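Topology and contacts: notes
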Amino acid sequence: MRDNTTEVTAAGIARLAGVGRAAVSNWRRRHPDFPKPVGGTETSPSFALAEVEEWLRTQGKLGKLGEVPLKERVWQHLAGHPEGPVTALLHAGCALLLVRDRHPDWLTVSAVSDERMAELLPGVLEDVVAPRFGGGAEGARQAVSVPDAGRLLPSVPLLRGVAELASELGARQTYEFLIGRHIDANPRQYTLTPAGPADLMAALAGPATAVLDPACGTGALLRAVEPRPDQCLHGQDSAPELAALTALRLALHSDATVRAAAADTLRADAFGQARADAVLCHPPFNERNWGHEELAYDPRWEYGFPARTESELAWVQHALARLRDGGTAVLLMPPAAASRRSGRRVRADLLRRGALRAVIALPAGAAPPYNIPLHVWVLKKPVPGAQASPELLLVETAGLAAADGRDRQAWRPVQDAVVDVWRRFDRHGSVDEQPGLARCVPVLELLDDEVDLAPARRLPPPAAGGGAGELAAVRERLGDAVRRTADLMPPLAKKGDAAHRPVTTVGELARAGALSLRTGPVSGAAAPGVTRVLTEHDVLAGTEPSGSVDPLREPAAPLQESAVGETADSVVTRPGDVVIPLSGGGTAARVIDETTAGAALGRGLTLLRPDPAALDPWFLAGFLRGTANNRQASSYASTAARLDVRRIRLPRLPLDGQRGYGERFRALAAFEDTLRLAGRLGEQLVRGLHDGLTDGTLPPE
């Protein structure tokens, strides 16, 4: 796979070689034969990929095999495509369909020169693409079209590499790798539906043969649907490139019939005659230009004409209009849509006619925007003549997530609880109240002047202490913690004399090989086999690693001559390591023990790995926290302080002398941990007593 036109940035070179960007900068300075920039800007130059590969190979910087990993070569060809990565992804998707569905034809067209291959490909691709994809209504663009020979020629080296990668990974996995890497590199260009909410929404919709996503984006919701025989997936998006990427992803994901179109859904519905079993939708939020004027008399507004500020209610009614009788629609909604006064008439009619069945509040951080707890609305198309449901199911999941809503490990209890309560409600029309989780509210109770459907207002959380029995247990644990705190209170020693104590610095110790320094990840990629991440908050609060690694994220490339399990972009903690936040003002330094070892180092942290024959880790950690030490080692910006760990000073002592300090610092750490525990238990007890007294579960006596 050779191409003299593809360019690569310094970050791309770092990925190719499995090193950090600083190493690439050093190569450019120290090696006069390093390839010269061929494009980009002065601050962000780009280089010819072929020249970079050759230089890396000549210098022996590609590991034992002397080759750039195939994944990285393919990615760099895609990222440096003359027409941009999206065009490259579309061409690659078409080629992968040919590789998967008609491999002998691919072998025939790829066994010739690049120019001849570009001439042959359009005809062969048309025979594969046309049967898989169809257009929509008149005026809607068909999502996937076959490029001509002129546009395909620059992509030929990429397509050869993509086919080679597919022989190793499979066509679907290859395309998912490329799209995932592209989305990671351009997160602000796309409104994403993370896998957790997508799986939950698909589970709420249940098994379905015909499924529609009228705002399909990158196809996350349709990919989450459980495959069924003879399934047909419909997707539409106003961005042509997103509609095409979704179509190709779905075609490579399963054998379902795929119908995708590019058009503004509310103004130019591509599937006006379709009746789906399920509609899944993550609509654009707070959209003012959704067609309020030109769509005033549209027949879809069966439940009331949405106000200009209620674009989400227009999407809700569009979803209902495309359902068969009894079909289910599941939409991700902003929480304001449940309570804005401008939407109360539409909400009231959805309730009266039994179309809106459940409102589910997700944990904050579940999906963009991450700072607010989004809602999921579950609706059913009323069956003519059937009685409307007299109750609405309200679910609050904030108490189920053990961490930030983006934490994939926290999503399993959320999904299990929500799907269980929804299925029982859907089957029986009602469920018993589960305090803090779910409650069935009579529709008549909701039809007031506000028609406020926010679960938080109708479903108060359970008392923080969990009732009198649990509060008694908290009180007992608090008493034990207070007694341990008194026992661990460190004694005071005589005044010492440090006037002429010889000192050294962390930087000098690092140069002497007494310790090594590593910082948190550059790109956030995971080391193979690592699932936990030690965050800055964990170090400051003294808690166990709370971050998690996304299992679908591509692991970073292994470092050459590095510790087992580590990568160019990640550091894995070991017992005896010392971790300090760069912006914590020297208020914390964590010695890693057996319970916290094996976690990836998070952002904003520096890890010091002392040589046990030269440095005691507790001695090192204690002096890292010295107030005067941190003042002279800190630099100050306009709004924050940053610690230069290399400038921190500590006494120059033999190992036996260090251990005396180390034991005192270890005892101080145990005292501090007990103080923290007592503080947390005290807060829990006070909060629980307040809640119990105010909600009547505890008497005032």
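Residues numbered from 1 in each chain as written. Predicted model: local features only at pLDDT ≥ 70, side-chain atom pairs only at ≥ 80, totals over all residues. Heavy atoms only, no water.

Going by the annotation in an unreviewed UniProt entry, the name recorded for the protein is N-6 DNA methylase, with Streptomyces durmitorensis given as the source organism.

**Quick look at the nonpolar core**
Core analysis: the largest hydrophobic core is formed by 94 residues, its most contacted members being Trp 106, Leu 204 and Leu 393. Counting residues per element, this core draws most heavily on helix H5 (residues 85-101), at ten residues. Grouped together as the second largest cluster of nonpolar side chains are 41 residues, Trp 315, Val 316, Leu 394 and Val 443 included. (Core = buried A, V, L, I, M, F, W, Y, C linked by side-chain atoms within 4.5 Å. Buried < 20%, exposed > 50% of the residue type's maximum accessible area, 1.4 Å probe, protein only. Helix = DSSP H or I, 4+ residues; strand = E, 2+ residues; numbered from the N terminus.)

**Regarding helix H10 (residues 171-185)**
Counted at 1.5 Å a residue, the expected span for H10 with its 15 residues is 21 Å, and the 21 Å between its end C-alpha atoms agrees. Every buried residue belonging to H10 is among Ala 171, Thr 174, Tyr 175, Glu 176, Phe 177, Leu 178, Ile 179, Arg 181, His 182 and Ile 183, and all of these are buried. The secondary structure elements touched by the buried residues of H10 are helix H1 (10-17), helix H4 (70-79), H5, helix H9 (156-169), helix H12 (220-223) and helix H13 (240-253). (Expected span 1.5 Å × (residues − 1). Contact = heavy atoms within 4.5 Å.)

**Let's talk about the side chain of Thr 504**
Following the sequence through the fold, Thr 504 ends up in strand S15 (residues 503-505). Overall, the relative accessible area of 4% leaves Thr 504 in the buried class. Discounting chain neighbours no more than four positions away, the residues touching Thr 504 are Leu 509, Ile 648, Arg 649, Leu 650, Pro 651 and Arg 652.

**Focus: the pattern of salt bridges**
Inspection of the entire model under this criterion finds 37 salt bridges. Among the ionic pairs, Arg 676 bridges to Glu 672, the shortest N-O distance being 3.5 Å. Here the residue Arg 676 and the residue Glu 672 both occupy positions in helix H24 (residues 655-695), the gap between them amounting to four residues, near one helical turn. One salt-bridge network, in which partners are shared between bridges, spans Arg 100, Asp 101, Arg 132 and Asp 255. (Salt bridge = Lys/Arg side-chain N within 4 Å of Asp/Glu carboxyl O.)

**Digging into the packing of aromatic side chains**
On inspection of all chains with the given rule, the structure shows eleven aromatic pairs. With a centroid separation of 4.8 Å and an interplanar angle of 70°, the aromatic rings of Phe 34 and Trp 55 are classed as edge-to-face. Taken as a pair, Phe 34 in the loop between helix H2 (21-30) and strand S2 (39-40) and Trp 55 in helix H3 (residues 49-58) lie far apart in primary sequence, 21 residues in all. Side by side, Phe 34 and Trp 55 carry an identical accessibility label, which is buried. (Phe/Tyr/Trp six-rings, centres within 6.5 Å; stacked < 30°, edge-to-face > 60°.)

**Digging into the environment of Val 378**
You can see Val 378 is positioned in strand S12 (residues 375-380). Taking the C-alpha atoms as reference points, Val 378 and Ala 205, 173 residues apart in sequence, are found 8.0 Å from one another. If near-sequence neighbours (up to four positions away) are discounted, Val 378 is found in contact with Leu 204, Thr 328, Ala 329, Val 330, Ala 355, Leu 356, Arg 357, Ala 358, Ile 360 and Trp 422.

**Notes on unusual backbone geometry**
In this structure, the amide linkage connecting Pro 368 to the following residue, Pro 369, adopts the cis form with an omega of -10°. By the element assignment, Pro 369 lies in the loop between strand S11 (356-361) and S12. Phi is positive for Asn 286, close to 50°, though the residue is something other than glycine. Tracing the chain through its elements places Asn 286 in the loop between strand S9 (276-281) and helix H14 (311-321). Here Val 451, not a glycine, exhibits a phi torsion of approximately 50°, which is positive. Note on placement: Val 451 falls in the loop between helix H17 (443-446) and helix H18 (455-458). Given a relative accessible area of 3%, Val 451 falls into the buried group.

**Describing the packing of H9 against H10**
Interhelical geometry of H9 versus H10 gives an angle of 120° and a closest axis separation of 7 Å. With respect to their mutual orientation, H9 and H10 come out oblique. Handedness of the crossing formed by H9 with H10: right-handed. Together, Val 162, Leu 165, Ala 166 and Leu 169 of H9 and Ala 171, Gln 173, Thr 174, Phe 177 and Leu 178 of H10 make up the contact between the two elements. In terms of residue class, the contact of H9 with H10 is built from seven nonpolar, two polar and no charged. (Axes fitted to C-alpha atoms, helices over the stretch in contact; angles between N-to-C directions. Parallel < 35°, antiparallel > 145°, perpendicular 65-115°, else oblique. Left-handed = near helix turned anticlockwise from the far one by under 90°. Nonpolar A, V, L, I, M, F, W, Y, C, P; charged D, E, K, R; others polar.)

**Describing the pairing of strand S7 (residues 232-237)**
Where burial is concerned, most of S7 is hidden: six out of the six residues are buried. Burial of the side chains of S7 extends over both faces: Cys 232, His 234 and Gln 236 are buried on one face and Leu 233, Gly 235 and Asp 237 on the other. Two strands pair when backbone bridges link them, and strand S6 (residues 210-213) and S7 are joined in this way by four bridges, in the parallel orientation. The residue bridging Val 211 from the neighbouring strand is Leu 233, located in S7. Both S7 and strand S8 (residues 257-262) contribute to a ladder of six bridges, which runs parallel. Pairing of Cys 232 across the sheet is with Thr 257, part of S8. (Pairing = 2+ DSSP bridges.)

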